[in-house]
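# Analysis of the macromolecular model
Here is what each chain is made of, one letter per residue.
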Amino acid sequence: MMKNPLILFISITFCFSIFAQTNTSNEKDLSRIVITPFVPSDVGGLSVNAQTTLKNRLDRIVSKNGISGSSFEQRFVLTAKVVKLSSMLVPTTPPVYNYEIEATLIIGDVVEGTIFSSLGVVVMGAGNTESAAEINAIKKIKETDAQYQDFIASGKDRIIQYFNSKCDFYLKEAEAFKNQGNFEAAIATLTSVPSICEECYSKAMSAVGPIYQLQIDRQCKSDLLNAKTSWSTNQNATGAAEAFESLNRIDPNSSCYKEALQLNDAIALRIKELENREWAYKLKIQQDQVDIDKLKINAAKEIGVAYGKNQPKTITYNYRSWWY
């Protein structure tokens, strides 16, 4: 009899601000929550091949439920506590290993240590090696089983309910980031609100517009300064090309866009004088107001995603109480 638990962590990523008033019975809305399975390489007890098999099983479960994907936030996890209930070696030629394994799947918040949903299953497997027995047992975890679908749906439903009251907190957090001049963090916070949370999503998108404007205005000043430096240092085709690289990054909706246009026109005139040819490079142009609103939201989301990907994973896992 083996009693050592094999704790397997599966990083779930879905927007950390899943909140606001929602209809949690709507399966289409629930499917917008993203869960990414992950089995760490240092998990004890299971062989490397058995870990890979488990990862594949979990991949299939989330894919079957339409919740596979990725994000930068990893405070919410789907974790499996795995215990070998019994093992038996049949002394045949070749020998046969028989394993009985209990796997308890848990969806929880490792920051606050909250469990949202759990499910225990017992599977058995046999093989000519210990690894083969583990693998054959794990293969009994079928993604098509309704119990896994119900388990995930229940966990997501409770997570959404749990965060229904968090909207104001995250809006204030974004405001604090903005006041600190950390516009990227503020944007990442606001754009992580899923559209499923209609009321809070609307508030977040309204709040993200002004912060996005601050961000592109600041970036514009930096790019414009770089362009001016490149051109003043080298007023020829080479300097013009370097300046345009900076100018072309400037958002048409930024406050210094007109000044960027003026510099680009000045470069075009000088190139005409020096080389008797037209300056063919044109800056991005402004769109109509409807397009601008859509572009702002999409561009802000890109900033949020980029910011998140570049952040170190500093989450302190608070899960120990789940195993006792």
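Below, the structure is looked at part by part.

Reading the values: rules and limits
- Residues numbered from 1 in each chain as written.
- Predicted model: local features only at pLDDT ≥ 70, side-chain atom pairs only at ≥ 80, totals over all residues.
- Heavy atoms only, no water.
- Helix = DSSP H or I, 4+ residues; strand = E, 2+ residues; numbered from the N terminus.
- Buried < 20%, exposed > 50% of the residue type's maximum accessible area, 1.4 Å probe, protein only.
- Contact = heavy atoms within 4.5 Å.
- Polar contact = N/O pair within 3.5 Å; in protein donor to acceptor, adjacent residues only side chain to side chain.
- Expected span 1.5 Å × (residues − 1).
- Arc of directions from axis to C-beta.
- Disulfide = S-S within 2.5 Å.
- Pairing = 2+ DSSP bridges.
- Salt bridge = Lys/Arg side-chain N within 4 Å of Asp/Glu carboxyl O.

## Digging into the overall build of the chain
The helix and strand inventory of the chain stands at 10 helices and four strands. When the elements of the chain are put in sequence order from the N terminus, they spell out β-α-α-β-β-β-α-α-α-α-α-α-α-α. Taken over 324 residues, the chain has a buried fraction of 43%. In the chain, of all internal contacts separated by at least 6 residues, the share reaching a separation of at least 24 is 72%.

## Brief notes about unusual backbone geometry
Generally, phi is negative for residues other than glycine and the peptide bonds are trans, each holding for most cases. That bond from T93 to P94 is cis: its omega, -5°, falls within 30 degrees of zero. Turning to its location among the elements, P94 is positioned in the loop between strand 2 (76-90) and strand 3 (96-109). We note that N276 has phi near 55°; this positive angle belongs to a residue other than glycine. By secondary structure assignment, the location of N276 is in the loop between helix 9 (257-275) and helix 10 (289-309). Owing to a relative accessible area of 62%, N276 belongs among the exposed residues under this scheme.

## Examining the side chain of K84
Along the chain, the position of K84 falls in strand 2. Residue class for K84 comes out buried when judged on its relative accessible area of 7%. There is a polar contact of 2.6 Å between the side chain of K84 and the side chain of E134.

## A short note on helix 5 (residues 167-179)
Spanning 13 residues, helix 5 covers 19 Å between terminal C-alpha atoms, matching the ideal 18 Å at 1.5 Å per step. Those residues of helix 5 that fall on the buried side of the exposure criterion are C167, Y170 and A174. Viewed end-on, helix 5 has its buried residues packed into an arc of 75°, placing them on one side of the element. Those residues of helix 5 that are exposed and angled more than 90 degrees off the buried face are K172 and N179. On its buried side, helix 5 packs onto helix 6 (183-191) and helix 7 (198-233). Phi for G181, located one or two positions after helix 5, is positive at around 80°.

## Notes on the state of the cysteines
Scanning all chains against the criterion turns up two disulfides. Two residues, C167 and C200, share a disulfide whose sulfurs are 1.9 Å apart. For the disulfide bridge between C167 and C200, the dihedral angle about the S-S bond is near 90°, and by the sign convention the bridge is right-handed. Highlighted residues: C167 in helix 5 and C200 in helix 7, separated in sequence by 33 residues. Owing to a relative accessible area of 0%, C200 belongs among the buried residues under this scheme. In the chain, the bonded cysteines, taken in the order they occur along the sequence, pair up as 1-2, 3-4.

## Things to note about the pairing of strand 4 (residues 114-127)
Examined bridge by bridge, strand 3 and strand 4 share 13 bridges and lie antiparallel to one another. In the strand pairing of strand 4, A103 is matched with V121.

## Describing helix 4 (residues 146-162)
In this model helix 4 runs 24 Å from its N-terminal to its C-terminal C-alpha over 17 residues, within 8% of the 24 Å that 1.5 Å per residue would give. Every buried residue belonging to helix 4 is among Y148, F151, I152, G155, K156, D157, I159 and I160, and all of these are buried.

## Details of the pattern of salt bridges
Enumeration according to the criterion identifies eight salt bridges in this entry. One salt bridge connects K84 with E134, and the closest N-O pair in it is separated by 2.6 Å. One end of the pair, K84, is in strand 2; the other, E134, is in helix 3 (residues 130-138), with 50 residues separating them in the sequence. The burial state of K84 is the same as that of E134; both residues are buried. Between R277 and E275 there is a salt bridge, and its shortest N-O distance comes to 2.5 Å. According to the relative accessible area criterion, E275 is partly exposed, its value standing at 36%.

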